[in-house]
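What follows is the residue order along each chain.
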Amino acid sequence: MSSRFARVTRFGVFGPVRAETGAGPAALQGARQRAVLARLVVARGRVVPVGVLVDDLWPEDPPRGAVAAIRTFVADLRRALEPDRAPRRPSALLVTEPPGYALRPAAGDVDAWRFEAAVEATRDLPPDAALPRLAEALGWWRGPAYAEFAAEPWARAEIDRLDELRALAVERHAAALLALGRPAEAATELQAHTTAHPLREGAWQSLALALYRSGRQGDALAALRRARTVLAEELGIDPGPALRTLETDILTQSPDLDAPAVPSRSPGPSRSPGPSRSPASPGPSRSPASAGPSRSPGLVGRDRELGRLRLAAADAVSHGRPVLALVSGEPGAGKTALVSALAADLAAAGWTTSWGHAPEHDGAPAVHPDVLPPPAGAPVTDPAVARLRRRRAAVAGLTEAARTAPVLLIADDLHRADAGTLELLTDLFSERDPVRGPVLLTGTFRGTELGPPLTAALAAFARAEPVRVDLTGLDGPATAALARAVAGRDLDTATVHRRTGGNPFFVRELARLVKDEGDAALRTVPAGVRDVLRHRLAQLPPATRTALGVAAVLGRDVAPDVLAALVPDPSALDPAVDAGFLTDGGLRFAHVLTRDTLYGDLSELTRRAWHAAAGDALIRLDPSDAAAIAHHLAHAGPAHAQAAARYAREAALHAEHRGDPHEAARHWRRAGTDPTALMGLARALAVTGHMAEARRLRAAVAPDPAALTAFDVPAIWPRNDDERLSGLLVTAATSALSGPLDERHRGRVLSTLALELRGSTDPRGRRAASAAERIARTTGDPVQLALALNARYMHTFHRPGLAPARAAIGAELTDLAARHDLPTFEVLGHLIRLQSAAALGDLPTADTHATAADILATRYDLPLVGVFTTLYAALRHPSEAAYRTAHALLARADLPGMAEGLLSLSLLTVDVYPDGDWGPYEPWVRPLLLIRAGRRDEALGALRSLPPSPHDALLEARLCLAARAAVALDDRPTMRTLYTALLPAAAEHAGAQSGVLSFGPVAELLAALA
């Protein structure tokens, strides 16, 4: 029975949002639950990330428990929509898919989807068949689409789209009435329609024609006059040619206006009744299959896919907003050909088109579209600032370009793109400071080559709800048409389709081969596409094949000056151009598979020689292109390794200045294994969140001074993640300080020593922090002072009651960092102030600094900040669920020094005693656990043998645990000792300095100890 109910769960969005199961109307509770349902329906089966749902439901100020509320709404919806689903049985209707939820009803179970399909189905029907279907579909409208959410930004685009579709249906219905000789009915319908949609010229045209055919010539002319007045008053324009011609025809009573004798199909009146459109807009009401002829005669069998991209372009224009489209498919599926056809169409319609593509080989730089300018200004040292400048320059450049004309931005071969390029593209659609204006970003990628960077980017792109186009093989008729176009005659379609699977590139290559060698080639040449390519390449002159091999080493796009340096006779490539292997005058491979096949067939010795020659040519011609030079020399063999590393280091530094830590990391990996290169790589990895590998590299370099002075990454938690590494660095720092150092380097080494001794009771840490601060205040170097303040903060935990002192350090650090563009240290300052305010019980101030830290983290893409603010949110609204959720995020952040035992300790603050690992907190928890077990004598022994507490943010929390045990055991001597220790913190909350947990006011504990 439950499965039957699940099949008939239906949804309505025309009028109030509603749902009906097999048992009757579903009980939808509250506006926000209904909003969640409506938002999921709007997504049309796509996953809506939880973060998007939170932002859409609470656009101004999401509550701290917003994510939990979303989960509650979803759970309630599932119970309402599937009342007979068995417990613990996964929902097949409202499904969970990372990073959010999706509603997956059947296509006919949502009235809006059913309406869209019904209208589309009438496009090619004769009038007598279309009329009843359109009438039925229009009858499904019980009110405006998503009526209760008309003011919500997330619903507006879908409401507009459905309103446009309804207007199209009304106009088609009227056109069918006209074609069937029922103009009076059409006129009545169209009078109401033009009142509701006065700017639709096609509707006025149909109304005037209906009135004329009803014998109301005067009313028809009056309708055209009203149309002229409305267009002039509202838009300041005159009627289009169709309306002007119709007016002339009515005045002259042209016979062309007479009703057709025999109704056939349903295109409407003889002169198109459709709305006029700007030449820059393909028109949002057109279906994919009718979006006009392709402007690329070589594109076969992709009309529907091209139509979907045209509709995405129309959406960008009609709503003046950026739209994302993703085109995927196997190699040779025609991804680039499809977007090339789109670019030709849109360029002809007045769009600005701009291409960018990823390199075909590792280490080569990406080619960015020319509408994305490089950041202006002098290079900066902070990578976060450089990344922000890069992002802002891209957003500003694209927004400015879109003010002049709609922009098509094509990002080709995303599967080859580095993480930095993908990060830049996702930034264009970020929630804060996104691109504005009519922009269509179209990305292509191979669905079979999804590496971690692209997988992460696709997850980020999901927030923009992209149009997705997946290219599969052509069907039989399309395969036959493509083969015929290439070969100039009909081929054995079944054999060609079987051999190629409909892959367009393979079809073309096989057809060219048959054209040259006859039908026997279908039977004698091996079936693989690379084998077909090799067979065709073998027919070229030897000099051409050699020149093509050189070109393959240079990449898919061939630099003409470098090619000329390596191939003295450029005419050698003419046969390759004639055979279709090269385009653009021999400067680009027609398909990357051709380049890959040629490159893969070169011997290792030949590859090395030509890479070396390419590197030498670039050094002469463009010595500033360090990335390309490093790439070629790295593939030129061991003899060139030293030079390759030198250029890779130069390329890495350039990438750091541009704010691209991902590209910097890639180049640093090629820059050798000396300490400078390894610390450069460690810096880049730390900035991008790969802390474990960064720590391993620092450990490898630890004995070298570079490990002590080249790692400017702030620290917030006063316990090290890797005690072995810290020990190595402490030893190295101590050794360096015993030798000759100038004051600046001495100060940097002292800061490192203090930071690596954080949390310990070793007095050298406090002394080093004080000395580092004294030196830093004399150097005038803001980075050095920021590091020294960070070090001093780490050594303000030697006794309770120092929250005000820590707050002062945080305030100075925030001000210093803001003045000198050091966002990572500015975030550190806000987190210190958050923790100190929480310790003092000033939660509103802590909230302010949490928000400030989150804003900076979003602006500068600092992923770890959210871990700390999420943990603070759990402290702010403590519960077992909140702590488990926050600590799940911490577990993924690769901060073992912080994470170990912290979840168990946090749960203890809400009176949950987990069975899990207590980590370093176990000695202080043990007396309480023994008391709970009734083993009081053992508890007393454990209490009196407690070791000294580490000097960290949980000092007061440990003392609190000991105090609770002492009170429970009535251990008066221990109570007096703890009272004295905790008294300086009487105004604080125990443990809250951590920003993670709190055992409550220390004053209450002091009262119990007194």
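Note that the structure is predicted; figures quoted are calculated from it, not measured.

**Observations concerning the overall build of the protein chain**
Here is step 1: Regarding its fold elements, the protein chain presents 48 helices and 13 strands.
Here is step 2: Within the protein chain, the fraction of its 1010 residues that count as buried is 53%.
Here is step 3: For the protein chain, restricting intrachain contacts to residue pairs at least 6 apart in sequence, the fraction spanning at least 24 positions comes to 66%.

**Points about the pairing of strand β6 (residues 100–103)**
Walk down a regular strand and you will see the side chains alternate between the two sheet faces.
Here is step 1: The pairing of strand β4 (residues 48–49) with β6 spans 2 bridges and is antiparallel. Paired with Val48 across the two strands is Tyr101, which belongs to β6.
Here is step 2: In the sheet, strand β5 (residues 94–97) pairs with β6 via 4 bridges, with the strands oriented antiparallel. Paired with Glu97 across the bridge in β6 is Gly100.
Here is step 3: Here β5 hands over to β6 after 2 residues, the two strands then running antiparallel side by side.

**Let's talk about helix α39 (residues 843–860)**
Here is step 1: Counted at 1.5 Å a residue, the expected span for α39 with its 18 residues is 26 Å, and the 25 Å between its end C-alpha atoms agrees.
Here is step 2: Buried within α39 we find Ala846, Asp847, His849, Ala850, Ala852, Ala853, Leu856, Ala857 and Tyr860.
Here is step 3: Looking one or two residues past α39, Asp861 carries a phi angle of roughly 55°, positive in sign.

**Describing the packing of helix α2 (residues 31–42) against helix α3 (residues 50–57)**
Here is step 1: Two elements in contact, α2 and α3, have axes separated by 11 Å at closest approach and are oriented at 130°. The pairing of α2 with α3 is recorded here as oblique in orientation. The two elements α2 and α3 meet at a crossing, and its hand is right-handed. Residues Arg32, Ala35, Val36 and Arg39 of α2 touch α3, and the partners they reach there are Val52, Leu53, Asp56 and Leu57.
Here is step 2: Of the residues in the contact of α2 with α3, the class split is 5 nonpolar, no polar and 3 charged.

**Looking at the pattern of salt bridges**
For side chains bearing opposite charge, pairing can occur when the charged atoms are close.
Here is step 1: In the structure shown here, the tally under the stated rule is 38 salt bridges.
Here is step 2: For Arg669, the salt bridge identified is with Glu693, shortest N-O distance 2.9 Å. Separated by 24 residues along the polypeptide, Arg669 in helix α29 (residues 661–669) and Glu693 in helix α31 (residues 691–701) bring together distant segments of the chain.
Here is step 3: A cluster of three or more residues bridged by salt bridges with shared partners is formed by Arg44, Glu116, Glu158 and Arg161.

**Remarks on the sheet that holds β4**
Here is step 1: One open sheet holds the 3 strands; their spatial order is β4-β6-β5, and the pairing between them is antiparallel. In this open sheet, the two edge strands, each paired with only one partner strand, are β4 and β5.
Here is step 2: Here helix α4 (residues 66–81) sits on the sheet and contacts β5 and β6; the angle it forms with β5, its principal contact strand, is near 145°.

**What to know about the sheet that holds strand β2 (residues 18–21)**
Here is step 1: As summarised here, the arrangement of the 3 strands in space is β1-β2-β3, forming an open sheet in which the pairing is antiparallel. In this open sheet, the two strands that pair with only one neighbour each are β1 (10–12) and β3 (24–25).
Here is step 2: With 2 bridges joining them, β2 and β3 adopt antiparallel strand pairing. Bridge assignment links Thr21 to a residue of β3, and that residue is Gly24.

**Some points on the packing of aromatic side chains**
The description of an aromatic ring pair rests on the distance of the ring centres and on the angle between the ring planes.
Here is step 1: For the coordinates displayed, the defined rule picks out 5 aromatic pairs.
Here is step 2: Consider the rings of Phe14 and Phe115, whose centres lie 5.8 Å apart with planes at 90°: the pair is edge-to-face. With a gap of 101 residues between them, Phe14 in the loop between β1 and β2 and Phe115 in helix α5 (residues 111–121) connect regions that are remote in the sequence.
Here is step 3: Between Phe149 and Trp154, the aromatic rings sit 5.5 Å apart at their centres with planes inclined by 40°, giving tilted as the arrangement.
Here is step 4: These aromatic residues form a ring-pair network of at least three members: Phe14, Phe115 and Trp141.
Here is step 5: Sitting over the face of the ring of Trp141, Arg166 holds its NZ or CZ atom 5.4 Å from the ring centroid.

**Quick look at the nonpolar core**
Here is step 1: In terms of nonpolar packing, the biggest core is built from 106 residues, with Met898, Leu902, Leu997 and Phe999 touching the most fellow members.
Here is step 2: The element contributing the most residues to this core is helix α46 (residues 955–969), with 10 residues.
Here is step 3: Ignoring sequence-local partners within four residues, the contact set of Leu902 consists of Trp717, His887, Leu890, Tyr921, Leu954, Val996 and Leu997.
Here is step 4: In this structure, Leu540, Ala665, Leu685 and Val701 belong to the second largest nonpolar core, which totals 59 residues.

**Examining the packing of helix α47 (residues 972–982) against helix α48 (residues 1002–1009)**
Here is step 1: α48 packs onto α47 with a crossing angle of 150° between their chain directions and a minimal axis gap of 9 Å. The orientation of α47 relative to α48 falls into the category roughly antiparallel. In this structure, the crossing between α47 and α48 has a hand that is left-handed. Residues Met975, Leu978, Tyr979 and Leu982 of α47 lie in contact with α48, whose contacting residues are Val1002, Leu1005, Leu1006, Ala1008 and Leu1009.
Here is step 2: Grouping the amino acids of the contact of α47 with α48 by side-chain chemistry returns 9 nonpolar, no polar and no charged.

So, how was this worked out
Within every chain, residues take consecutive numbers counted from 1 along the sequence as written. Per-residue local features are limited, in this predicted model, to residues with pLDDT of at least 70; the limit for side-chain atom pairs, both in listing and counting, is 80 or more; totals at the level of whole chains, interfaces and linings are taken over all residues. Excluded from the side-chain calculation are hydrogens and water; included are all heavy atoms of the structure. A helix here means a DSSP run of H or I that spans at least four residues, while a strand means a run of E at least two residues long, and both kinds are numbered starting from the N terminus. When a residue's accessible area, from a 1.4 Å probe over protein chains only, is under 20% of the maximum for its type it is buried; when over 50% it is exposed; and in between it is partly exposed. Whether two residues are in contact is decided by their heavy atoms: any pair within 4.5 Å suffices. A pair of strands is considered paired only if DSSP assigns at least 2 bridges between the two. Multiplying one less than the number of residues by 1.5 Å gives the expected span of a helix. Axes here refer to lines fitted to C-alpha atoms; in helices the fit is confined to the stretch in contact. Angles between the N-to-C directions go from 0 to 180 degrees. An angle counts as roughly parallel when it lies under 35 degrees, as roughly antiparallel when it exceeds 145, as roughly perpendicular when it falls between 65 and 115, and as oblique in every other case. It is the rotation of the near helix from the far one that decides the hand of a crossing: anticlockwise by less than a right angle makes it left-handed, clockwise makes it right-handed. When residues are sorted by character, Ala, Val, Leu, Ile, Met, Phe, Trp, Tyr, Cys and Pro go into the nonpolar class, Asp, Glu, Lys and Arg into the charged class, and all the rest, Gly among them, into the polar class. Whenever a carboxyl oxygen of Asp or Glu lies within 4 Å of a side-chain nitrogen of Lys or Arg, that contact is scored as a salt bridge. Each pair of aromatic rings taken from Phe, Tyr and Trp, with Trp reduced to its six-membered ring, is defined by centres within 6.5 Å and is described as stacked if the planes are under 30 degrees apart, edge-to-face if over 60, and tilted in the remaining cases. Whether a charge sits over a ring depends on NZ of Lys or CZ of Arg being within 6 Å of the ring centre and within 35 degrees of the ring normal. Residues grouped as a nonpolar core are buried Ala, Val, Leu, Ile, Met, Phe, Trp, Tyr and Cys residues, joined through side-chain atoms within 4.5 Å.

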